[in-house]
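# A structural walkthrough
Below are the chains, spelled out letter by letter.
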Amino acid sequence: MTDAATRTYAGEQRMLDADSHVMELADFLDPHIDDAFRPLLRRKGMDALAPVLEKARSQAEARKVDAERAAEAEARLLQDKGWSAVGAFDQQERIRALDLFGFHGQLVFATFATSMFSGRDLDRLYAGAAAQNRAMVDFCSVDDRLLPVGYVPLNDPARALATLEEALELGCDAVMVPSTAAGELAPTHPDLFPVWDTLAQADVPFVLHVGGGGRLLDRAFHNNAMPVSDHLGGGENIRSKDFLAIHHSPELFLGALIYDGIFDRFPTLRGGCIEQGASWVPSWMRHLDYGLRAFRRTEEPLQRLEHQPSDYVRRNLTFTPFPGEPLGWMIEQAGDVFLFSTDYPHPEGGRDPIAKFEEQIGEVSTAQRDAFYYGNMARLLGRRFAAAAA
C-alpha cells in the first residue's frame with residue numbers, strides 16, 4: 001500500500017471496483033426481515049463464528065479511539081482480510097477505506113447473509129432476499145461511492161418481480177441473480193420476461209457471482225486419495241479442480257440468454273459476470289458462434305437472432321478477470337468486456353491486485369486501459385456513470 005497521506009492506491013488512474021463485499025455480523029439481517037421470518041433464519045454458521053466476530057468488533061472499536069491503531073490498520077489495507085479489514089462491516093471505516101483506495105465507486109456484495117435463508121422454502125427465500133437487499137442498501141447509504149448489489153432469486157417469477165421492484169426502489173445499483181435454472185423454468189422463460197424488462201427499463205444491470213451457480217463440481221472428483229487444502233489454507237473454498245469448473249454455470253446461463261433471444265427482446269439489458277475468471281471468455285465467444293452455425297438450421301429460436309452470439313457478448317456483457325490472468329491477450333481477443341475488481345476484503349483478491357493486472361495487461365492503448373479500470377464498468381452501471389465514461 002502506498003503512503004495514504006500522499007497518494008491513493010489508484011493513483012492517477014480513474015477506477016471503479018466491480019467486486020467488493022461486506023463481512024456481515026450475526027445480526028446483519030435482523031432489523032430488515034419481517035418478524036414472522038426472523039426465527040427461520042439459519043444461524044448455525046454465524047453462531048460458530050462468534051469468537052471471530054467478537055474479536056473483529058473489538059478491534060474496530062479500538063481503532064475508533066486509538067489513532068495509532070487506526071493508522072496501522074490503514075497501512076495494512078490490502079493485507080488484512082475478512083472481518084479484520086478496515087471497513088469490513090463498519091460503514092464509517094468503509095468510507096475511509098474508499099478514500100485510501102481512491103476508487104470512484106465500488107460494487108458491494110453480501111458474503112454470508114444469503115446462506116441464512118437460501119434453500120427450497122420459497123417463503124423464507126424471498127423474505128430473506130428482501131431483507132438482504134434492505135440491509136445492503138442501508139450499509140451503502142453512507143457514501144455514494146458504495147454501490148449496493150441486490151439479490152433476486154428467480155424460482156418464482158411473480159415474487160422475483162416484486163423483490164426486484166423493491167430492490168430498485170430502494171436504490172440497488174446492480175442485482176445479482178443465480179446462474180442456474182429458475183426452479184423448473186429456464187431463465188429465458190416468458191414468465192420471467194417482466195424481470196428482464198424491468199432491469200432494462202431501470203437501466204440497472206444483473207450480475208452473476210461465484211457461489212450463485214450452486215456446487216461447482218461433483219465432490220467425488222476430490223475423492224482421489226490425494227487430499228489438498230484450498231490455496232488459502234482451508235478445505236471448503238476453491239481448489240484447482242473447482243477452478244476448472246468455475247465458469248461452467250455462467251457460460252451456460254449467459255449462453256442461454258443469448259441463444260434464446262433475451263438480448264434481442266431487451267437490447268439495453270446488461271450483465272456482469274463477477275469473480276468467475278475471464279480467460280475462458282474468448283474461446284467461449286467462438287464456441288457460441290460455432291453453436292449458432294451448427295444448430296441454426298434445425299432450431300427456430302436461433303434463426304431469429306439478429307446478430308452473432310459474440311456480438312451480444314461485446315454489447316451486453318462484462319467479466320472480471322482474476323488477477324494474473326493474461327489480460328492483454330484477452331482484450332486483444334474479445335475486446336473491451338473486462339472489469340477491474342479487488343474482491344475487498346476477501347483474501348482471493350490478493351494484496352496488490354493492480355500490480356497483478358499491470359503485469360498482464362501488456363501493450364494496450366490508453367483508451368483500453370481506461371476502459372478496463374473504469375469505462376467498461378461505467379457502461380455496465382448505466383446512466384449514472386456512462387456520461388463520465390464517454
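Looking at an unreviewed UniProt entry, one finds the protein named Amidohydrolase family protein and attributed to Actinomarinicola tropica.

## A look at the packing of aromatic side chains
Evaluated as defined, the whole model comprises 18 aromatic pairs. On the basis of an interplanar angle of 5° and a centroid distance of 4.8 Å, the ring pair of Phe 101 and Phe 103 is categorised as stacked. According to the relative accessible area criterion, Phe 101 is buried, its value standing at 1%. Seen in terms of ring centroids, Phe 117 and Tyr 151 are 6.3 Å apart; in terms of plane orientation they differ by 50°. Their pairing is tilted. Pair noted here: Phe 117 is in the loop between β2 (105-109) and α5 (122-140) and Tyr 151 is in strand β3 (residues 146-151), with a separation of 34 residues, a long-range link.

## Digging into helix α6 (residues 157-170)
Under the 1.5 Å per step criterion, the end-to-end length of α6 is 20 Å for 14 residues, consistent within 8% with the ideal 20 Å. All buried positions along α6 are accounted for by Pro 157, Ala 160, Leu 161, Thr 163, Leu 164 and Ala 167. Projection of α6 onto a plane perpendicular to its axis shows the buried side chains occupying an angular sector of 165°, all on one side. Exposed and oriented more than 90 degrees from the buried face of α6 are Ala 158 and Glu 169. Where α6 begins, the side chain of Asp 156 points an oxygen toward the backbone nitrogen of Ala 158, at a separation of 3.1 Å. Phi turns positive, to about 115°, at Gly 171, one or two residues after α6.

## Remarks on the sheet that holds strand β6 (residues 271-274)
Ordered in space as β1-β2-β3-β4-β5-β6-β7, the 7 strands form an open sheet in which the pairing is parallel. In this open sheet, the two edge strands, each paired with only one partner strand, are β1 (16-21) and β7 (317-319). Recorded for the sheet is a direction-independent mean angle of 30° between the axes of neighbouring strands. Relative to β6, strand β5 (residues 206-209) runs parallel, the two sharing 4 bridges. Residue His 209 lies in a different strand from β6, and its bridge partner there is Ile 274. Packing of helix α9 (residues 248-259) onto the sheet brings it into contact with β5, β6 and β7, and relative to β5 it is tilted by some 155°.

## Description of the environment of Leu 288
Relative to the helices and strands, Leu 288 is located in helix α11 (residues 281-295). Residues Leu 288 and Val 313, spaced 25 residues apart in sequence, show a C-alpha to C-alpha distance of 9.7 Å. The residues touching Leu 288, leaving out its near neighbours within four places in the chain, are Gly 255, Ile 258, Tyr 259, Pro 309 and Val 313.

## Observations concerning the side chain of Asp 173
Topologically, Asp 173 is positioned in the loop between α6 and β4 (174-176). In contact with Asp 173, not counting residues within four places along its chain, are Leu 147, Pro 148, Val 204, Pro 205, Leu 381 and Arg 384.

## As for the pattern of salt bridges
Throughout the structure, instances matching the rule amount to 21 salt bridges. For Arg 270, the salt bridge goes to Asp 203, with nearest N and O atoms at 2.9 Å. Of this pair, Arg 270 sits in the loop between α10 (262-265) and β6 while Asp 203 is found in the loop between α7 (193-202) and β5, placing the two residues 67 residues apart along the sequence. Here the residues in one salt-bridge network are Asp 34, Arg 134 and Glu 166, joined through shared partners.

## Examining unusual backbone geometry
Working note: non-glycine residues mostly have negative phi, and peptide bonds are mostly trans. In this model, Tyr 344 is joined to Pro 345 through a cis peptide bond whose omega is 0°. Relative to the elements of secondary structure, Pro 345 occurs in the loop between α14 (327-334) and α15 (353-361). Backbone geometry places Asp 203, a non-glycine residue, at a positive phi of 65°. Phi is positive for Asp 343, close to 60°, though the residue is something other than glycine. Looking at Asp 343, the relative accessible area reads 4%, which means it is buried.

## Things to note about the packing of α11 against helix α13 (residues 309-316)
Viewed as axis vectors pointing N to C, α11 and α13 meet at an angle of 140°, and their least axial separation amounts to 7 Å. What the angle tells us is that α11 and α13 run oblique. On the side of α11, the interface is formed by Trp 284, Met 285, Leu 288, Asp 289 and Leu 292, while α13 contributes Pro 309, Ser 310, Val 313 and Arg 314. A class-by-class count of the residues in the contact of α11 with α13 yields 6 nonpolar, 1 polar and 2 charged.

## Remarks on the packing of α6 against α7
Where α6 contacts α7, the two axes come as close as 9 Å, and the packing angle between them is 15°. The orientation of α6 with respect to α7, classified from their angle, is roughly parallel. Judged by the twist between their axes, the crossing of α6 over α7 is right-handed. Along its contact with α6, which presents Pro 157, Ala 160, Leu 161, Leu 164, Glu 165 and Leu 168, the element α7 presents Pro 194, Val 195, Thr 198, Leu 199 and Ala 202. Looking at the contact of α6 with α7 residue by residue, the class counts come to 9 nonpolar, 1 polar and 1 charged.

So, how was this worked out
Residues numbered from 1 in each chain as written. Predicted model: local features only at pLDDT ≥ 70, side-chain atom pairs only at ≥ 80, totals over all residues. Heavy atoms only, no water. Phe/Tyr/Trp six-rings, centres within 6.5 Å; stacked < 30°, edge-to-face > 60°. Buried < 20%, exposed > 50% of the residue type's maximum accessible area, 1.4 Å probe, protein only. Helix = DSSP H or I, 4+ residues; strand = E, 2+ residues; numbered from the N terminus. Expected span 1.5 Å × (residues − 1). Arc of directions from axis to C-beta. Polar contact = N/O pair within 3.5 Å; in protein donor to acceptor, adjacent residues only side chain to side chain. Pairing = 2+ DSSP bridges. Axes fitted to C-alpha atoms, helices over the stretch in contact; angles between N-to-C directions. Contact = heavy atoms within 4.5 Å. Salt bridge = Lys/Arg side-chain N within 4 Å of Asp/Glu carboxyl O. Parallel < 35°, antiparallel > 145°, perpendicular 65-115°, else oblique. Nonpolar A, V, L, I, M, F, W, Y, C, P; charged D, E, K, R; others polar. Left-handed = near helix turned anticlockwise from the far one by under 90°.

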